[in-house]
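# Commentary on secondary and tertiary structure
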Amino acid sequence: MSLLYLRNRLLNLLLVIWIAATINFITPRLAPGDPINAIFARLESQGQVIANSAQIIDLYRERFGLDLPLWQQYLRYLGSVLTLDLGYSLSYFPATVSELVMRALPWTVGLLLTTTLLSFVLAVLLGALFVWRGTPRSVHLIGWVLVGISAIPYYLLAIVLIFIFAFTLNIFPAGGVTRIGNVASGLSWSSVWDTLYYSTLPALSILLASIGGSALGMRGMMVTVLGEDYLLLAEAKGLPERWIFLRYAVRNAILPQVTGLAISLGHVVSGAILVEVLFSYPGMGYILIDAIRGADYTTVQGITFLLVVSVAVAVFIIDVINPWLDPRILYGKR
Amino acid sequence: MNQSYPPPTSPTIPKPILQVEGLVIHYETPRGAVQAVSDVSFSVQPRERFGLVGESGCGKSTLVTAFLRMTKPPGVIKAGRILLNGVDILALPKNEMRRVRWSQVALIPQGAMNSLNPVMRVRDQIADALVAHGVILNQAALTARIEELLARVELPARVARLYPHELSGGMKQRVCIAMATALEPKLIIADEPTSALDVVTQRAVMEMLANVQEMVGAALILIGHDMGLMAQVVDRLGVMYAGELVEVGDVTSMFKSPQHPYTRALLGSLPSPRERKVRRAIGGLPPALIAPPPGCRFHPRCPEAIVACREVAPRRLETTGGWATCHLLDPTQASQPLEAADAAPSA
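These figures come from a predicted structure and were not determined experimentally. (Residues numbered from 1 in each chain as written. Chains lettered and ligands numbered in written order. Predicted model: local features only at pLDDT ≥ 70, side-chain atom pairs only at ≥ 80, totals over all residues. Heavy atoms only, no water.)

## Notes on the overall build of chain A
This is how it is decided: Numbering goes from the N terminus for both helices and strands, where a helix is a DSSP run of H or I of at least four residues and a strand is a run of E of at least two. Every residue pair with non-hydrogen atoms within 4.5 Å of one another is taken to be in contact. Areas reported here follow the Shrake-Rupley algorithm with a probe of radius 1.4 Å; residue values treat only the protein chains shown as occluding. For the charge count, each Lys or Arg is scored as positive and each Asp or Glu as negative, with His and the chain ends excluded. To locate a charge, the coordinates of NZ of Lys, CZ of Arg, CG of Asp or CD of Glu are taken.
Within chain A one finds 14 helices and zero strands. Reading the helices (α) and strands (β) of chain A from amino to carboxyl end gives α-α-α-α-α-α-α-α-α-α-α-α-α-α. Structurally, chain A occupies a C-alpha span of about 85 × 60 × 35 Å along its principal axes. Within chain A, residue pairs in contact and separated by at least 24 positions form 71% of the contacts whose partners lie at least 6 positions apart. When the accessible area of chain A is evaluated, it comes to approximately 18400 Å², of which 70% is carbon and sulfur surface. Each charge class in chain A can be summarised by its mean position, and for the 20 positive and 17 negative side chains these summaries are 11 Å apart.

Here's what the structure looks like:
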């Protein structure tokens, strides 16, 4: 791998993050008014009387640096972004956005990382088996049922799952992440089991909704690859079927799927918003919705920024891996 | 090289390496069966170079695909036998057929450009055939063998480390040739091996193929539609038309005196520098094989057709150096020209 290629990709990554941060900085400032005034106006409209409001507003403006010229604000902002200081949450004031995020992130990443990877593996396998001779009928049947289910939006699927498994059959909990009172018990077998148990339904709704679509994509690629001359030659070479399947067919058909996987991994930090809301799952999606509802701009901005960074990093990683997966993609050459 | 090969022209008359008997292959479509290969019989001797020519869609590729038993649905082998080294490959169990492929019959595919796996190094693509057939399993021996194979087609050893997209078209084709000889097969099938190359490269690749074939001591079936190329390379020639083999013979006598009107038409269409124009083209188009014409399949386009051609399928008749299926060669057929027969009632 050429260092030049790596350097270019890295510069590209930093550029994307810088642009995203800048847009993130500019957008709220384009809106008329001033956040502190807005808060006071809201409080006053609710009938509260605040003495010395003008002074307090000035104090806060100074404290948040809003009295500085725009370019100084911008530099301060970039500095704090670099140190991952996303500021205070407006709704949960003494708490910082980073604190909120750190509390929610493990839940979301745990749920979405697992489901995204699992969905990728299952979809690739299923899509490949769809077009392979000798695939048992039962696999075809399961596959087509999953493709059918994938037409249902995942939040609708979540509601159906809650209805069937939580309310009617009462096997799984309808929401939350642990039994009440089990939060602070630390890492133990029972708490791990608890977490798995509570995240089964959310995970299932995401999996069921996503496998079918990606499996169809994989199937399409497999059909294309199976028509290639090199598959014919592989068979003529007398290779065992399993080799041809894995090293020739799947190996080539998987390339676009891997790119897709990287991008969805980048989206992991933003959470599966509707699923988290429906299952009251305390992940990123949940606090994002909460922040939007509560006009908690700093939190919304912070999460948006994290999302951009994680997608950019995922794309960077795929850029680095891709030439290794597909040697036709060249390193550093124009 | 530690093996020594007998000289190319061995005096003994061995049994054929490939013997095809009454082979019938159909493509089953909703509209009916496309009769892609109809009752084809011929044989190829060890070390022989056999050419197979015919227009696009006449069944050449369908035919040779069957020699590897790789006919895919909707294609179905309806009848006939394919004896490879005396063994009927159509009757072999699946796993044994897999072992026969490449070790006894190898393929140099039509589209060499796309016949190599784009994400595997040349080395690994040659190695997997050796490993799959259990020939060589140790890394050092494998490397040595691959370098030797590449040297056969005059490629440097470093090519082994390259990916297909880093090779030129001619190099890819040479890799395919090297690959085909990896297990020293008794029969090499080359399906239009030079069709995607320019004339200079074509010549080099053809020479390479002929040399390697002689070195390995394999028979060669060369498929193509370039009569000029065939004349230079093959010993015997088979002419296919609309799924049937219409004439087989040694290449010199066939060029000197083609017996079947279709062979004559094919040779007549060769351009010549002395007459700078397209020479006699064959009128019309080949028939749809879903409902081939009755009698001789060539009769609608045949300038010499007689009444019998329309009604009776011609027999196989001996010629000097081979055979042909044409009523004109049959002394028992009354030779009333077709035009005269059509003209008679109305006149």
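## Things to note about the overall build of chain B
Keep this limit in mind: Each residue is assigned to one of three classes by its accessible area relative to the maximum for its type, calculated with a 1.4 Å probe on protein chains only: buried under 20%, partly exposed between the two thresholds, exposed over 50%.
Counting secondary structure elements, chain B contains eleven helices and twelve strands. Within chain B, the fraction of its 347 residues that count as buried is 53%. Put simply, 65% of the contacts in chain B that link residues at least 6 apart link residues at least 24 apart. A total of about 15600 Å² of accessible surface is found on chain B, and carbon and sulfur atoms cover 55% of it.

## Structural notes on the interface of chain A and chain B
Selection rule: The term buried area refers to how much accessible surface (probe radius 1.4 Å) is lost by two components on association, counted for both of them together. Each reported salt bridge corresponds to a side-chain nitrogen of Lys or Arg within 4 Å of a carboxyl oxygen of Asp or Glu. For the purposes of these results, a polar contact is taken to be a pair of N or O atoms within 3.5 Å, where, inside protein, one atom must be able to donate a hydrogen and its partner to accept one; residues adjacent in sequence count only when each atom of the pair is a side-chain atom. Here the term charged refers only to Asp, Glu, Lys and Arg, the term nonpolar to Ala, Val, Leu, Ile, Met, Phe, Trp, Tyr, Cys and Pro, and the term polar to all other amino acids, Gly among them.
With 24 residues of chain A at the contact, the number on the chain B side is 26 residues. In total, about 2200 Å² of surface goes out of reach between chain A and chain B, with carbon and sulfur atoms giving 65% of it. The interface formed by chain A and chain B contains four salt bridges. The interface formed by chain A and chain B includes eleven residue pairs in polar contact (both at pLDDT 80 or more). Residue assignment for the side of chain A that touches chain B shows that the elements contributing at least two residues are helix H9 (229-236) and helix H10 (241-253) of chain A. Its residues assigned to classes, the side of chain A that touches chain B comprises twelve nonpolar, two polar and ten charged.

## Side note on the sheet that holds strand S6 (residues 105-108) of chain B
All names here are of chain B. The cut-off we apply is this: At least two DSSP bridges between two strands are required for those strands to pair. To obtain each axis, a line is fitted to C-alpha atoms, and for helices this fit is confined to the stretch in contact; angles are then taken between N-to-C directions over 0 to 180 degrees.
Reading across the sheet, the eight strands line up as S6-S7-S8-S3-S9-S10-S12-S11 and stay open at both edges, with mixed pairing between neighbours. The strands lining the two open edges of the sheet, one partner per strand, are S6 and strand S11 (317-319). Pairwise comparison of adjacent strand axes, ignoring direction, gives a mean angle of 25° for this sheet. With three bridges connecting them, S11 and strand S12 (residues 322-324) associate as antiparallel partners.

## Observations concerning the nonpolar core
The criterion, for reference: In these notes, a set of buried Ala, Val, Leu, Ile, Met, Phe, Trp, Tyr and Cys residues joined through side-chain atoms within 4.5 Å is what counts as a nonpolar core.
Ranked by internal contacts, the top residues of the largest apolar core, which has 105 residues, are B:Leu18, B:Phe42, B:Phe67 and B:Trp102. It is helix H5 (residues 169-180) of chain B that contributes the most residues to this core, seven residues altogether. Setting aside chain neighbours within four positions, we find B:Leu18 in contact with B:Phe42, B:Ser43, B:Val44, B:Phe67, B:Ile82, B:Leu83, B:Leu84, B:Leu187 and B:Ile221. With 28 residues, the next largest nonpolar core counts A:Val131, A:Leu231, A:Tyr248 and B:Met120 among its residues.

## A closer look at the pattern of salt bridges
Scanning the model with the defined rule gives 20 salt bridges over all chains in all. Notably, a salt bridge pairs A:Lys237 with B:Asp128, separated by 3.0 Å at the nearest N-O pair. One end of the pair, A:Lys237, is in the loop between H9 and H10; the other, B:Asp128, is in helix H3 (residues 122-132), on a second chain. We classify A:Lys237 as buried; its relative accessible area is 1%. Salt-bridge contacts for A:Glu241 lead to B:Lys94; the nearest nitrogen and oxygen are separated by 3.4 Å.

## Considering the confidence of the model for chain B
To keep it simple, the criterion reads: Across the chain, each position has a pLDDT score giving the predictor's confidence in that residue, from 0 to 100.
Across chain B, pLDDT averages 87, with 89% of residues at or above 70. For this predicted complex, the interface confidence reaches an ipTM of 0.85, while the overall pTM sits at 0.80.

## Here's the deal with the packing of helix H1 (residues 3-30) of chain A against helix H4 (residues 70-82) of chain A
Residue and element names in this part refer to chain A. As a reminder, the rule being used: The labels follow the angle: roughly parallel below 35 degrees, roughly antiparallel above 145, roughly perpendicular from 65 to 115, and oblique for the rest. By definition, any crossing whose near helix is turned counterclockwise from its far helix by less than a right angle is left-handed, and any crossing with a clockwise turn is right-handed.
Remark: H1 packs on H4, axes separated minimally by 11 Å, with the N-to-C direction vectors making an angle of 135°. By the angle between their directions, the pair H1 and H4 is classed as oblique. Remark: the crossing between H1 and H4 carries right-handed chirality. Of the residues in H4, those in contact with Trp-18, Ala-21, Thr-22, Asn-24, Phe-25 and Arg-29 of H1 are Leu-70, Gln-73, Tyr-74, Tyr-77 and Leu-78. Counted by class, the contact of H1 with H4 contains seven nonpolar, three polar and one charged residues.

## Side note on the side chain of A:Thr299
Relative to the elements of secondary structure, A:Thr299 occurs in helix H14 (residues 297-325). Beyond its immediate sequence surroundings of up to four residues, A:Thr299 is in contact with A:Ser89, A:Val97, A:Leu100 and A:Ala291.

## What to know about the packing of aromatic side chains
Just so we agree on the cut-off: Aromatic contacts are taken between Phe, Tyr and Trp rings whose centres are within 6.5 Å, Trp giving its six-membered ring; a plane angle under 30 degrees counts as stacked, one over 60 as edge-to-face, and the others as tilted. By the criterion adopted, a ring carries a charge over it if an Arg CZ or a Lys NZ lies within 6 Å of its centre and within 35 degrees of its normal.
Applying the stated criterion to the full structure yields 14 aromatic pairs over all chains. Consider the rings of A:Phe130 and A:Trp144, whose centres lie 4.6 Å apart with planes at 25°: the pair is stacked. Residue A:Phe130 is found in helix H5 (residues 97-130), and its partner A:Trp144 is found in helix H6 (residues 137-149); the two are separated by 14 residues along the sequence. By relative accessible area, which is 7% here, A:Phe130 ends up buried. Among the aromatic residues, those joined into a cluster by ring pairs are A:Phe165, A:Phe172, A:Tyr197 and A:Tyr198. The residue whose ring lies beneath A:Arg247 is A:Trp243, and the NZ or CZ to ring-centre distance is 4.0 Å. In this arrangement the basic side chain of B:Arg316 is found over the ring face of B:Trp323, its NZ or CZ atom lying 3.7 Å from the centre.

## Considering the pairing of strand S9 (residues 236-241) of chain B
Residues and elements named next belong to chain B. Of all the six residues making up S9, six are buried; the element is thus mostly covered by neighbouring parts of the structure. Alternating residues of S9 divide into Arg-236, Gly-238 and Met-240 and Leu-237, Val-239 and Tyr-241, and every residue in both groups is buried. Of the strand pairs in this sheet, strand S3 (residues 49-53) and S9 are connected by four bridges, and their pairing is parallel. Considered in S9, the bridge of Phe-50 is made with Arg-236. Pairing analysis gives six bridges linking S9 to strand S10 (residues 244-250), with the strands arranged antiparallel. The partner of Leu-237 across the bridge, within S10, is Gly-249. Linkage of S9 to S10, two consecutive antiparallel strands, is achieved through a turn of two residues, within which Ala-242 is found at a positive phi near 50°.

## A few points about the environment of A:Leu216
Residues and elements named next belong to chain A. Looking at the element boundaries, Leu-216 is found in helix H8 (residues 189-226). The exposure class of Leu-216 is partly exposed, given its relative accessible area of 37%. Sequence separation of Leu-216 and Ala-128 is 88 residues, and the distance between their C-alpha atoms is 9.3 Å.

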